[in-house]
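Listed below, chain by chain, are the residues.
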Amino acid sequence: MGNLLKVLTCTDLEQEPNFFLDFENAQPTDAEREVWEQVDVVLKDAKEILDELQAYKGAGLEIREAIQNPTDEALQEQAWSAVVPLVGKLKKFYQFSQRLEAALHSLLGALTSETFDDPTQHLEREQALAKQFAEILHFTLRFDELKAEGENEVNNELANRISLFYADATPMLKTLSDSTRKFVSENKNLPIENTTDCLSTMATVCKVMLETPEYRSRFTSEETVSFCLRVMVGVIILYDYVHPVGAFAKSSKIDMKGCIKVLKDQPPNSVEGLLNALRYTTKHLNDESTNKTIKSMLQ
C-alpha cells in the first residue's frame, strides 16, 4: 500500500510519492467497524438526499402568480399546494445536515486520536474511515453545487434556523466548516495538529493520486476523478478554516499551487464550481500573506 510518511516528508519534488488511498474499494477492519457502521447509515441516506435535491423544483412560478393575483383563490390554493411539500424537503435537508455533522465528529474523533504515534498514519491504516470522510466531503460539495435557491416562511424556531441554513451560498459546506472548528474547540486536549495534519494529508494524497498517471490509472471509474477533486477542495477549505493561518500561508502543509494546477488541468467546465469554492468560500485567500501567484491562479 505504500508508506504515507514518504509522501509527507519527501523533499525531492522529482521523487514520486508511494501511496494510494483506495477510495473505491476500502473495507473496514475490525478496529474501524463500530464508527464505520454508524457513519454508513448516514451515508446511505446521502444518495437519496442528492437525488431529491437534483429533482427539486421550486414554486417560484406559482408564488409569483399568486402574488400578482391576490384575489384569485384558485391561484392562492395552487401556490400553497406547491409550497407545502417543498418546505418539508427543505426541513429534511436541514435535518440531514445535523446528522452529517454528528457523523463528521465521529470520524474526526477516530482519525485524529492518538492510537498511532503519527496522526497522519490514520489515513493509511484506516482507509475505510478515510473513505467515509472523503464521501462526506464529496456529498457536501455536490449538495452545494445542486442547491436550489429558495426561501420558505414558516413561523417557528426550526424554520428560522432552516432559513439561516439556506441563506448561505454553500450551506452544507458551512455546516462542515463550523462542525470541524467545533470539534477542535471541544477537544482542547487534542493537539490541533492532529486535525490539521489529517486534513492536509488528505489533500496531499488526493493531489498525488490525480497528478500521478500510475495511480490515476488504477481508478476503475472516471467518477472517481471527480470524487478526488471534490475531496481535495473540501479538505483545503476545512483546513483553511481550522488552521490558525489557513491553507494559503507559506507555512501551510498543503501545496496550494499544485492543487490549483491539478484543478486547472481538468476540463474547464468540470471544475469551475470547485475553483469558485476556493475563490469564495475560503477564509484566508485574500489575506495579505497569501502568495500573489496563488491569487493570480484563482483569478
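Given the structure is predicted, the values throughout are model-derived calculations rather than measurements.

Engineer: So what about the environment of His138? Which residues, and what values?
Structural biologist: By the element assignment, His138 lies in helix α6 (residues 127-146). Beyond its immediate stretch of four places on either side in the chain, His138 contacts Phe227, Arg230 and Val231. One polar contact links His138 to Arg230, side chain to side chain, over a distance of 3.2 Å.

Engineer: Explain helix α9 (residues 192-211) residue by residue, including any values.
Structural biologist: Along its 20 residues, α9 runs 29 Å from first to last C-alpha, staying within 8% of the 28 Å computed at 1.5 Å per residue. With 17 of its 20 residues buried, α9 lies for the most part within the structure.

Engineer: Which residues make up the side chain of Thr140, and what values do they have?
Structural biologist: Looking at where Thr140 falls in the secondary structure, it is placed in helix α6. Contact partners of Thr140, with chain neighbours within four places excluded, come to Leu100, Met172, Leu173 and Leu176.

Engineer: Which residues make up helix α12 (residues 256-264), and what are the values?
Structural biologist: Residues of α12 that are buried include every one of Met256, Gly258, Cys259, Ile260, Val262 and Leu263, and no others. Buried residues in α12 make contact with α9, α11 (223-242), α13 (268-280) and α14 (292-297).

Engineer: Before we move on, can you summarise the packing of helix α8 (residues 171-186) against α11 with the specific residues and values?
Structural biologist: Their axes nearest at 9 Å, the elements α8 and α11 cross at an angle of 45°. One element, α8, and the other, α11, form an angle in the oblique class. Judged by the twist between their axes, the crossing of α8 over α11 is right-handed. Here α8 contributes Leu173, Leu176, Ser177, Thr180, Arg181 and Val184 to the contact with α11, which in turn contributes Ile237, Leu238, Tyr241 and Val242. Here the contact of α8 with α11 is built from residues that sort into 7 nonpolar, 2 polar and 1 charged.

Engineer: Can you tell me about the nonpolar core, naming the residues and giving the values?
Structural biologist: Soluble, globular proteins show a tendency: their nonpolar side chains are buried together. Counting residues in hydrophobic clusters, the biggest one holds 77 residues, and the most contacted among them are Phe23, Phe133 and Met202. If you tally residues by element for this core, the top one is α11, at 13 residues. Aside from chain neighbours lying at most four places away, what touches Met202 is Leu21, Phe23, Leu123, Ala130, Phe133, Ala134, Val231 and Val235.

Engineer: Could you give me a rundown of the confidence of the model for the protein, with the residues and numbers involved?
Structural biologist: Residues with a pLDDT of 70 or more make up 77% of the protein, whose mean pLDDT is 78. Looking across the protein, the model is least confident in helix α1 (residues 4-9), with a mean pLDDT of 39, and most confident in α12, with 92. Scored below 50 in pLDDT, residues 1-18 shows 33 contacts in the model against residues more than four places distant or in partner chains. In this model residues 149-156 is a low-confidence stretch, pLDDT under 50, and it forms 7 contacts with partners more than four residues away in sequence or in other chains.

Engineer: Tell me about the packing of aromatic side chains, and name the residues and values.
Structural biologist: With the rule as written, the count across this model stands at 4 aromatic pairs. With a centroid separation of 5.8 Å and 90° between ring planes, the pair formed by Phe93 and Phe143 is classed as edge-to-face. Of this pair, Phe93 sits in helix α4 (residues 73-111) while Phe143 sits in helix α6; the two residues are 50 residues apart in sequence, bridging distant segments of the chain. Just as Phe93 is buried, Phe143 falls in that class too. Aromatic pair Phe139 and Phe143: ring centres 5.9 Å apart, planes at 45°, arrangement tilted. Of the two residues, Phe139 and Phe143 both sit in helix α6, 4 residues apart, roughly one turn of that helix. With a relative accessible area of 0%, Phe143 lands in the buried category. Taken together, the ring pairs in this structure connect Phe93, Phe96, Phe139 and Phe143 into an aromatic cluster.

Criteria and thresholds
- Residues numbered from 1 in each chain as written.
- Predicted model: local features only at pLDDT ≥ 70, side-chain atom pairs only at ≥ 80, totals over all residues.
- Heavy atoms only, no water.
- Helix = DSSP H or I, 4+ residues; strand = E, 2+ residues; numbered from the N terminus.
- Contact = heavy atoms within 4.5 Å.
- Polar contact = N/O pair within 3.5 Å; in protein donor to acceptor, adjacent residues only side chain to side chain.
- Expected span 1.5 Å × (residues − 1).
- Buried < 20%, exposed > 50% of the residue type's maximum accessible area, 1.4 Å probe, protein only.
- Axes fitted to C-alpha atoms, helices over the stretch in contact; angles between N-to-C directions.
- Parallel < 35°, antiparallel > 145°, perpendicular 65-115°, else oblique.
- Left-handed = near helix turned anticlockwise from the far one by under 90°.
- Nonpolar A, V, L, I, M, F, W, Y, C, P; charged D, E, K, R; others polar.
- Core = buried A, V, L, I, M, F, W, Y, C linked by side-chain atoms within 4.5 Å.
- pLDDT = per-residue confidence, 0-100.
- Phe/Tyr/Trp six-rings, centres within 6.5 Å; stacked < 30°, edge-to-face > 60°.

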